[in-house]
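# Architecture and fold: a report
Read off the chains here:
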Amino acid sequence: EAALRELREVVRPLREPGYAEALRRKAERARKRRLRLQRRKHEARAAKEEEAARAAEREAKIDQWRAKCIQEVEEKNREQELKAAADSVLSEVRKKQADTKRMTDVLRGLEKLRKLRKEAAARKGVCPPPSADEAFENQVESLKTLLKTRTELYEAEERALRVMLEGEQEEERKREMEKKQKKEREKLLQQKLEMDSKLFGDPAEFPLAHLLQPFRDYYLQAEHSVAALIQIRHEWDQYLVPADHPEGSCIPPGWVLPSLPTNDTWATAVR
């Protein structure tokens, strides 16, 4: 009897009028609350993903700027190293040229000194014989000819070294340019593979016999058929509008990538 009375007390509110409606309203409020929480959770997740995407974009720009700065510094260092190497190679030739110039100056000083001594001796009434003047002049001319020949030889050697160093520098710049272009081509190829993977799926997961292959053939038919390219271009040209047209927009320059899933159901369908 005690258990029966307890059960009757528990069941009694269910028999009261309006209790079921109140219970339904309470359940409805709980359901709406759960939906609000789920929506806020999805919004928070989307905001977090958007912020992460923006952060990744900022990091990518920073990395790109840093790589550009590093490349500029490396190019400047390479130029300085090439210049130092050129100076080192040409230093010996410059030293020879300096020695030749110093010898020329010494010879010019000897001529001036002999002239002064000859004038001083003439004032004292002493005159050297003509044979001495002729021997001195012959010796000076012989030395001048030798120094001129050496000067021309060193100048030709310097020009040859400069041409060789300029050729090496040009080859180095060409190699650097080819390396840079190769990196750009690899980067563009990687971007194309990523876009193709997003648009048509991973080729490793979707072989040629897969059911998506007809769609790949459809979207890539312009790469294999001129008639298909003309037809597709004709269909695109029908929608060409100026950039400031209020009812349209210009054709994008590349593939339009799909946006990220906004809910779990869509994400499972994409996977």
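Residues numbered from 1 in each chain as written. Predicted model: local features only at pLDDT ≥ 70, side-chain atom pairs only at ≥ 80, totals over all residues. Heavy atoms only, no water.

Under an unreviewed UniProt entry, the name given to the chain is PDCD7 protein, and the organism recorded is Loxia curvirostra.

### A look at the overall build of the chain
What counts here: The helix count covers DSSP runs of H or I at least four residues long, the strand count covers runs of E at least two residues long, and both are numbered beginning at the N terminus. Only protein chains enter the area calculation, which uses a 1.4 Å probe; residues under 20% of their type maximum are buried, those over 50% are exposed, and those in between are partly exposed. Whether two residues touch is decided by their heavy atoms; if any such pair falls within 4.5 Å, the residues are in contact. Using a 1.4 Å probe, accessible areas were evaluated by the Shrake-Rupley method; residue-level cover was limited to the displayed protein chains. Residues scored as positive are Lys and Arg, those scored as negative are Asp and Glu, and His as well as the terminal groups of each chain are ignored. Every charge is mapped onto a representative atom, which is NZ of Lys, CZ of Arg, CG of Asp or CD of Glu.
A count of helical and extended segments in the chain gives six helices and zero strands. The linear arrangement of helices and strands in the chain, starting from the amino end, is α-α-α-α-α-α. Each of the three principal axes of the chain carries a C-alpha extent, and together these read 165 × 65 × 45 Å. Here the chain holds 271 residues, and the buried ones make up 7% of them. Counted over contacts in the chain with a minimum sequence separation of 6, partners at least 24 positions apart contribute 63%. Carbon together with sulfur atoms contributes 57% to the accessible area of the chain, which is approximately 23,300 Å² in total. For the chain, the separation between the mean place of its 58 positive charges and that of its 52 negative charges on side chains is 6 Å.

### Focus: the pattern of salt bridges
Convention followed: A pairing counts as a salt bridge when a side-chain nitrogen of Lys or Arg comes within 4 Å of a carboxyl oxygen of Asp or Glu.
In total, this model carries 14 salt bridges according to the counting rule given. A salt bridge links Glu51 to Arg54; its shortest N-O distance comes to 2.6 Å. Taken as a pair, Glu51 and Arg54 lie in helix H2 (residues 19–123) at a separation of three residues, close to a single helical turn. For Glu51, a relative accessible area of 34% translates into the label partly exposed. A relative accessible area of 36% means that Arg54 is categorised as partly exposed. For Asp99, the salt bridge identified is with Arg102, shortest N-O distance 2.5 Å. Of this pair, Asp99 and Arg102 both sit in helix H2, three residues apart, roughly one helical turn. Judged by relative accessible area, which is 26%, Asp99 ranks as partly exposed.

### A word on the side chain of Thr100
Applied cut-off: Pairs of N or O atoms are called polar contacts if they sit within 3.5 Å, as long as, within protein, a hydrogen donor faces a hydrogen acceptor (for residues adjacent in sequence, only side-chain-to-side-chain pairs).
With respect to the helices and strands, the residue Thr100 is situated in helix H2. Judged by its relative accessible area of 4%, Thr100 falls in the buried class. There is a polar contact of 2.9 Å between the side chain of Thr100 and the backbone oxygen of Lys96. When sequence neighbours within four positions are dropped, the list of residues in contact with Thr100 reads Leu147, Arg150, Thr151 and Tyr154.

### So, a positive patch on the surface
The cut-off we apply is this: Patches here: salt-bridge-free residues with over 30% relative accessible area, like charges joined within 9 Å, nonpolar side chains (Val, Leu, Ile, Met, Phe, Trp, Tyr) joined within 5 Å.
Side chains of Lys32, Arg33, Arg36, Arg39 and Arg40 sit close together on the surface and give a patch of like positive charge. For Arg39, the position within the fold is in helix H2.

### Points about the UniProt feature "coiled-coil region" (unreviewed entry) in the chain
Stated formally: UniProt positions are given in the numbering used here, feature names are shortened, and annotations may be inferred rather than shown by experiment.
Mapped onto the present numbering, the UniProt feature "coiled-coil region" (unreviewed entry) falls at residues 166–194. Annotated as residues 166–194, this span is 100% helix and 0% strand, and its ends, taken at the C-alpha atoms, are 42 Å apart.

### Details of the packing of aromatic side chains
Our working rule: Any two of the Phe, Tyr and Trp rings considered here, Trp counted by its six-membered ring, make a pair once their centres fall within 6.5 Å; the pair's planes then place it as stacked at under 30 degrees, edge-to-face at over 60, or tilted in between. A positively charged side chain is recorded as over a ring if its NZ (Lys) or CZ (Arg) lies within 6 Å of the ring centre. The angle to the ring normal must also be within 35 degrees.
Within the structure shown, the criterion is met by one aromatic pair. Pairing Tyr218 with Tyr219 gives two aromatic rings, centres 5.2 Å apart and planes at 75°, and the pair type is edge-to-face. For Tyr219, a relative accessible area of 46% gives the class partly exposed. Seen from the ring of Phe136, Arg114 lies directly overhead, with NZ or CZ sitting 4.6 Å from the centre.

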